[in-house]
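# Overview (structure and organization)
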Amino acid sequence: MEGMFGMAAVWAERTSRRTLNHLHSQLGAAGLVAAVATAPGLTAVVDQHAAAVRDILAAGVEGSAAVAGVVLLAGYARGLLDHAREAGWRLTVPQGPESGPMDWLTFRLLAVCTLANSMDDPHYRQGFELELH
């Protein structure tokens, strides 16, 4: 029985990584470049959103210490996207200053992409685990 739970955890983590990679390919790379290109202050906004998401996942999810960070992050992103789609929101990739201002959800999704990229950094992972306990 224990092996089955281990396989479920591996499956959940792989599925979550695919979700985050897909989001990054849709928005992350182009969005982050556009954010930095338009104004240096936008990078700070993305960083603030990343800190808020990290806090939500660390403190606001019951039992989060037992779940891989990538699974929590992907679940958070899926929840944002599901809610936004129900409200009629459509993902638009920022293309620079001519795209106009980015909305709250775009910043939040960029923050998710930033966190997903940093999760492979051992220093980040250590800090995240400490926050979860």
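Residues numbered from 1 in each chain as written. Predicted model: local features only at pLDDT ≥ 70, side-chain atom pairs only at ≥ 80, totals over all residues. Heavy atoms only, no water.

## Focus on the overall build of the protein chain
Note the cut-off: Numbered from the N terminus, helices here are DSSP runs of H or I no shorter than four residues, and strands are runs of E no shorter than two. Contact between two residues is taken to exist if any of their heavy atoms lie within 4.5 Å; hydrogens are not considered. A 1.4 Å probe and the Shrake-Rupley method give the accessible areas. Residues count as covered only by the protein chains that appear here.
Scanning the protein chain from terminus to terminus reveals five helices and zero strands. In sequence order, the protein chain lays out its α and β elements as α-α-α-α-α. For the protein chain, long-range pairs separated by at least 24 residues make up 77% of all intrachain contacts whose partners lie at least 6 apart in sequence. When the accessible surface of the protein chain is summed, it comes to about 7900 Å², and 60% of that surface belongs to carbon and sulfur atoms.

## Some thoughts on the packing of helix 2 (residues 40-59) against helix 4 (residues 104-118)
Note the threshold: Orientation is described by axes fitted as lines to C-alpha atoms, over the contacting stretch for helices, and by angles from 0 to 180 degrees between their N-to-C directions. Roughly parallel means an angle under 35 degrees; roughly antiparallel means over 145; roughly perpendicular covers 65 to 115; every other angle is labelled oblique. Under the scheme applied here, ten amino acids are nonpolar (Ala, Val, Leu, Ile, Met, Phe, Trp, Tyr, Cys and Pro), four are charged (Asp, Glu, Lys and Arg), and all others, including Gly, are polar.
Packing of helix 2 against helix 4 leaves a shortest axis separation of 8 Å and a crossing angle of 70°. In terms of orientation, helix 2 lies roughly perpendicular with respect to helix 4. In contact with Leu42, Val45, Val46, His49, Ala50, Ala52, Val53, Arg54 and Ile56 of helix 2, helix 4 contributes Trp104, Phe107, Arg108, Leu110, Ala111, Thr114 and Leu115. Across the contact of helix 2 with helix 4, the residue classes tally to 12 nonpolar, two polar and two charged.

## Considering the environment of His24
Looking at the secondary structure, you find His24 in helix 1 (residues 2-38). Sequence-wise, His24 and Leu109 are 85 residues apart; in three dimensions their C-alpha atoms are separated by 8.8 Å. Not counting chain neighbours up to four residues away, the residues in contact with His24 comprise Ala29, Leu32, Cys113 and Asn117.

## With respect to the confidence of the model for the protein chain
To be explicit about the condition: Each residue carries a pLDDT value, the predictor's own confidence for that position, ranging from 0 to 100.
Looking at the protein chain as a whole, the pLDDT averages 77, with 71% of positions reaching at least 70. The model gives residues 124-133 a pLDDT under 50, and that stretch makes 17 contacts with residues more than four places away or in other chains.

## Quick word on the pattern of salt bridges
Note the threshold: Each salt bridge in this description consists of a side-chain nitrogen of Lys or Arg and a carboxyl oxygen of Asp or Glu lying within 4 Å of one another. Residue burial is assigned from relative accessible area. The probe radius is 1.4 Å, only protein chains are included, and a residue is buried under 20% of its type maximum, exposed over 50%, and partly exposed in between.
All told, the structure shown has one salt bridge when counted by the stated rule. In this structure, Arg85 and Asp82 form a salt bridge, with 3.8 Å as the shortest nitrogen-oxygen distance. Linking Arg85 with Asp82, this pair stays in helix 3 (residues 69-86), spanning three residues, or about one helical turn. Judged by relative accessible area, Arg85 falls into the exposed class, the value being 53%.

## Some remarks on the packing of helix 2 against helix 3
Short version of the rule: Working rule for handedness: look at the near helix, and if it is turned counterclockwise from the far one by less than a right angle, call the crossing left-handed; if clockwise, right-handed.
The contact between helix 2 and helix 3 brings their axes to 11 Å, and the two run at 115°. The pairing of helix 2 with helix 3 is recorded here as roughly perpendicular in orientation. In the packing of helix 2 onto helix 3, the handedness of the crossing is right-handed. Residue-level contacts link Val53, Ile56 and Leu57 of helix 2 to Leu72, Leu73 and Tyr76 of helix 3.

## Here we look at helix 4
We apply this condition: A helix is expected to reach a length of 1.5 Å times the quantity of its residues less one.
For helix 4, which comprises 15 residues, the first-to-last C-alpha distance of 21 Å matches the rise-based estimate of 21 Å (1.5 Å per residue) to within 8%. In terms of burial, helix 4 is a largely internal element, 11 of the 15 residues being buried. Every buried residue belonging to helix 4 is among Leu105, Thr106, Phe107, Arg108, Leu109, Leu110, Ala111, Val112, Cys113, Leu115 and Ala116, and all of these are buried.

## Looking at the nonpolar core
Among soluble globular proteins, nonpolar side chains are generally buried collectively. Test applied: Only buried residues count toward a nonpolar core, which is a set of Ala, Val, Leu, Ile, Met, Phe, Trp, Tyr and Cys residues joined through side-chain atoms within 4.5 Å.
Leu20, Leu23, Leu73, Leu109 and Val112 are the most contacted members of the largest nonpolar core, which totals 29 residues. Looking at this core, the elements with two or more residues in it are helix 1, helix 2, helix 3 and helix 4. In this view, Val112 contacts Leu20, Leu23, Leu73, Tyr76 and Ala77; residues no more than four positions away in its chain are not counted.

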